[in-house]
Amino acid sequence: MKNIVLFGPPGAGKGTQSEFLVEEFGFIHLSTGDIFRYNILNKTDLGVLAKKYMDEGRLVPDSLTIDMLKSEFVKYVDPLGFLFDGFPRTEAQATALDRFLAQEDLRITAMLGLEVPDEELMSRLLERGKVSGRPDDANSEVIKNRLAIYYKETAVVQRHYENQGKYIAVNGVGSVKQISSVLKAEIGQF
Ligand code: ADP
């Protein structure tokens with residue numbers, strides 16, 4: 001069973017590439033951003049709580065995020081493998097993930113990090129904002145805040161998996177197809 005973390009800053013292309021990888025490998029896709037947005041749409045208690053953080057480009061608190069991810073994770077019986085997208089985003093989340101996978105005798109196979117320069121991320125997110133209707137893509141101040149938080153809190157998660165010898169850098173600039181084929185080859189080796 002392969003369990004992959006797809007990693008990278010906001011706008012790196014995690015969502016786009018996840019669709020391809022789910023199709024290709026049959027992964028269960030666990031995207032914390034998607035789950036939060038689903039909860040916001042349905043006005044659940046979790047959605048109401050998460051919305052105020054997300055709209056400002058801040059991270060939802062760890063305890064909420066970890067509990068939510070765990071309760072999604074346990075829904076699947078005998079999965080082919082998990083693709084974690086947007087999680088873990090802090091050191092505490094990474095530690096929690098390793099721990100609850102270990103309880104099921106599972107582990108992360110690899111973290112694939114999509115690497116994209118900031119100027120490119122900014123322009124992709126502003127473009128996406130024109131069509132996505134996502135409040136957190138709507139203006140450059142919120143986007144800057146998300147990038148700053150990424151470097152401050154999330155970038156360390158890369159080191160967490162580097163220390164385990166599991167980090168693989170992937171150039172996130174290029175055509176969607178080119179990047180998909182690199183990801184496919186990397187995952188295929190396990
Ligand atoms: P992006 O990668 O483009 O920022 P996501 O859909 O992954 O988009 O996340 C959108 C927002 O959802 C984040 O800015 C954050 O507020 C919240 N969020 C998603 N995943 C997490 C997480 N693991 N921990 C805390 N907050 C999260």
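Computed from a predicted model, the values in this text were never measured in an experiment. (Residues numbered from 1 in each chain as written. Predicted model: local features only at pLDDT ≥ 70, side-chain atom pairs only at ≥ 80, totals over all residues. Heavy atoms only, no water.)

Asks: So what exactly am I meant to see when it comes to the nonpolar core here?
Replies: Taken as a class, soluble globular proteins show a tendency for nonpolar side chains to be buried jointly. By size, the foremost hydrophobic cluster in this structure holds 22 residues, and its most contacted members are Phe73, Phe84 and Leu97. When residues of this core are assigned to their parent elements, the largest contribution, five residues, is made by helix α5 (residues 91–103). If you look at the next biggest cluster of nonpolar residues, it comprises 20 residues, including Phe27, Met122, Ile143 and Ile187. (Core = buried A, V, L, I, M, F, W, Y, C linked by side-chain atoms within 4.5 Å. Buried < 20%, exposed > 50% of the residue type's maximum accessible area, 1.4 Å probe, protein only. Helix = DSSP H or I, 4+ residues; strand = E, 2+ residues; numbered from the N terminus.)

Asks: So what exactly am I meant to see when it comes to empty space enclosed by the protein here?
Replies: If a probe as big as a water molecule is rolled over the atoms, it shows which places are left empty. Using the criterion set out here, one finds one cavity of 30 Å³ or more in the structure. Reported here for the largest cavity is a volume of approximately 70 Å³. As for the largest cavity, its lining consists of Leu6, Phe7, Gly8, Pro9, Pro10, Lys14, Gly86, Phe87, Pro88, Arg89, Tyr150 and Thr154. Elements supplying a minimum of two residues to the lining of the largest cavity: β1 (2–7) and α7 (140–162). Tallied by class, the residues present in the lining of the largest cavity amount to seven nonpolar, three polar and two charged. (1 Å grid on protein atoms, 1.4 Å probe; cavity = no way out; pocket = protein on both sides within 12 Å on 5 of 7 lines; lining within 4 Å. Points joined across faces, edges and corners; volume = space filled by probe spheres on them. Nonpolar A, V, L, I, M, F, W, Y, C, P; charged D, E, K, R; others polar.)

Asks: Would you explain the pattern of salt bridges in this entry?
Replies: Pairing between side chains of opposite charge can happen when their charged atoms approach one another. Considering all chains together, one arrives at 14 salt bridges under this definition. Measuring nitrogen to oxygen at the nearest pair gives 2.7 Å for the salt bridge that ties Lys130 to Glu127. You can see Lys130 and its partner Glu127 sitting in helix α6 (residues 118–132), three residues apart, about one turn around the helix. With its nearest N and O atoms 3.8 Å apart, the salt bridge here joins Asp137 to Arg134. (Salt bridge = Lys/Arg side-chain N within 4 Å of Asp/Glu carboxyl O.)

Asks: Mind showing me how you'd approach the sheet that holds strand β3 (residues 81–85) here?
Replies: Through backbone hydrogen bonds, the strands of a sheet pair up, either in parallel or in antiparallel fashion. In spatial order, the strands read β2-β3-β1-β4-β5; together these five strands make up an open sheet with parallel pairing. Two strands bound the open sheet, and with one partner strand each, they are β2 (28–31) and β5 (167–171). Recorded for the sheet is a direction-independent mean angle of 20° between the axes of neighbouring strands. Alignment of β1 against strand β4 (residues 110–115), held across four bridges, turns out to be parallel. Residue pairing for β4: Phe7 is matched across the bridge by Gly113. Those strands touched by α7 are β1, β4 and β5, and its axis lies near 150° from that of β1. (Pairing = 2+ DSSP bridges. Axes fitted to C-alpha atoms, helices over the stretch in contact; angles between N-to-C directions. Contact = heavy atoms within 4.5 Å.)

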